[in-house]
Amino acid sequence: MAFSMPKIREIGGFSIDVAAISVAGLLLSQIDRIVVSKTLSLSDFAVYSLSTMVAGTVYLITNPVFSYVYPRFSRLIGGGEELEVVNEYRATTRMLVRILFPSAAVVGLMAIPIVSVWLGEEAIAIRVSPLVALLIIGYTIHSTMYIPYSLLLASGKTRSTLLLYLGLVISFVPATIGLSRWMGTFGAALSQVLLFGVYFVIGSALTYRTVLHTFKLKWLLRDLAPSMISSLIIGAAGNYAMEHSSLPILAQFLLAGVVWIMSYYFDRLLRKGIEAG
């Protein structure tokens, strides 16, 4: 059996790039906690770690999605089915955000009740709540990038992805340190929002420039925006109801369920309106 050295070098280069991306991604995902542990008090670190655990529940939705879409993109790209790649990209984005955004709204809304029930300490829950609200924004933005990231990997565009990750490491490690020293745990959480916001802008543009070459506005306005708008509106209404009432814990959890369901179906109505227009 003959070995193809060019093919071996290609596969080897791909593997090295993916490994380097994984290391850079791990550093980016942990840098805020590392910085907080080194620059702030143990109490602040505990509160921040708890906040990341609560906000990080959104990844329970997105991690399985990557395992689902990556092999599908690889198969379609390998078969040269460019139109199907675009259709799959948009369909999986809609599938993800219709579940992700309402869930993120509920987690942000329920930070205080969740931590209060979990630890039995309302004072800690009150400290955690604003951090969860910021982190959930950052983590949700990051989660929407799982689809573009999987497409970039499936298309073999690892070198450009690695350069993007290295640029983010170089930029946001010092930014996280500076914001944490200046604003404490709030600054660390804010750095995550800024990090993933920049990643979203550059990463999605990179995906369209190198792989899709089209549909950027449709992806933003038709695939992402309806779910985001519906979750923001219904989530804000739920937050108002929560703040201006004295609901028992059970009622608060029921309200969270109502917020999720209403966000989901309001999203469907928005999409129908957009498609009809």
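From a predicted model like this one, the values you see are computed outputs, not experimental measurements.

The rules behind each value
Residues numbered from 1 in each chain as written. Predicted model: local features only at pLDDT ≥ 70, side-chain atom pairs only at ≥ 80, totals over all residues. Heavy atoms only, no water. pLDDT = per-residue confidence, 0-100. Helix = DSSP H or I, 4+ residues; strand = E, 2+ residues; numbered from the N terminus. Expected span 1.5 Å × (residues − 1). Bend = angle between axes of the 7 residues up to and from the residue. Patch = residues over 30% accessible without salt bridge, like charges linked within 9 Å, V, L, I, M, F, W, Y side chains within 5 Å. Areas by Shrake-Rupley, 256 points an atom, 1.4 Å probe, with all protein chains shown as cover. Salt bridge = Lys/Arg side-chain N within 4 Å of Asp/Glu carboxyl O. Core = buried A, V, L, I, M, F, W, Y, C linked by side-chain atoms within 4.5 Å. Buried < 20%, exposed > 50% of the residue type's maximum accessible area, 1.4 Å probe, protein only. Phe/Tyr/Trp six-rings, centres within 6.5 Å; stacked < 30°, edge-to-face > 60°. Axes fitted to C-alpha atoms, helices over the stretch in contact; angles between N-to-C directions. Parallel < 35°, antiparallel > 145°, perpendicular 65-115°, else oblique. Contact = heavy atoms within 4.5 Å. Nonpolar A, V, L, I, M, F, W, Y, C, P; charged D, E, K, R; others polar.

Draft legend 1. Region of the structure containing the confidence of the model for the chain. Looking at the chain, the pLDDT average stands at 86 and 93% of residues meet or exceed 70. Mean pLDDT values over the elements of the chain span from 78, in helix α1 (residues 5-39), up to 91, in helix α2 (residues 42-55).

Draft legend 2. Layout of helix α4 (residues 82-109). Spanning 28 residues, α4 covers 40 Å between terminal C-alpha atoms, matching the ideal 40 Å at 1.5 Å per step. The axis of α4 is deflected most strongly, by about 25°, at V97.

Draft legend 3. Geometry of a nonpolar patch on the surface. Taken together, the side chains of M228, I229, L232 and I233 present a nonpolar region at the surface, about 370 Å² in accessible area. Within the fold, M228 resides in helix α10 (residues 216-243).

Draft legend 4. Structural detail: the nonpolar core. Counting residues in each nonpolar core, the largest one holds 61 residues, and the members touching the most others are Y89, Y199 and L212. In terms of residues, this core owes the most to one element, helix α9 (residues 185-212), which gives eleven residues. Formed by eight residues, the second largest nonpolar core is a distinct cluster that contains V106, L109, M110 and V259.

Draft legend 5. Inspection of the packing of aromatic side chains at higher detail. According to the stated counting rule, one finds eleven aromatic pairs in the structure shown. Centroid distance F66 to Y70: 5.6 Å. Interplanar angle 10°. Geometry classified as stacked. Taken as a pair, F66 and Y70 lie in helix α3 (residues 59-78) at a separation of four residues, close to a single helical turn. A ring pair is formed by F73 and Y89, whose centres lie 6.5 Å apart and whose planes are at 40°; its orientation type is tilted.

Draft legend 6. How the structure looks around the packing of α3 against α4. α4 packs onto α3 with a crossing angle of 175° between their chain directions and a minimal axis gap of 10 Å. Looking at the two axes, α3 sits roughly antiparallel to α4. Contact residues: I61, T62, V65, Y68, V69, R72, F73, L76 and I77 in α3; E84, V85, E88, Y89, T92, M95, L96, I99, L100 and S103 in α4. When the residues that make up the contact of α3 with α4 are grouped by side-chain class, the tally is 13 nonpolar, three polar and three charged.

Draft legend 7. Structural context of the side chain of D32. Here D32 is to be found in helix α1. Given a relative accessible area of 0%, D32 falls into the buried group. If we ignore the near neighbours within four places in the chain, the residues touching D32 are Y48, T52, L135, Y139, T176, A188, S191 and Q192.

Draft legend 8. Region of interest: the environment of S43. Structurally, the position occupied by S43 is in helix α2. Taking relative accessible area as the criterion, S43 reaches 38% and is therefore assigned partly exposed. Residues S43 and Y199 lie 156 residues apart in sequence; the distance between their C-alpha atoms is 30 Å.

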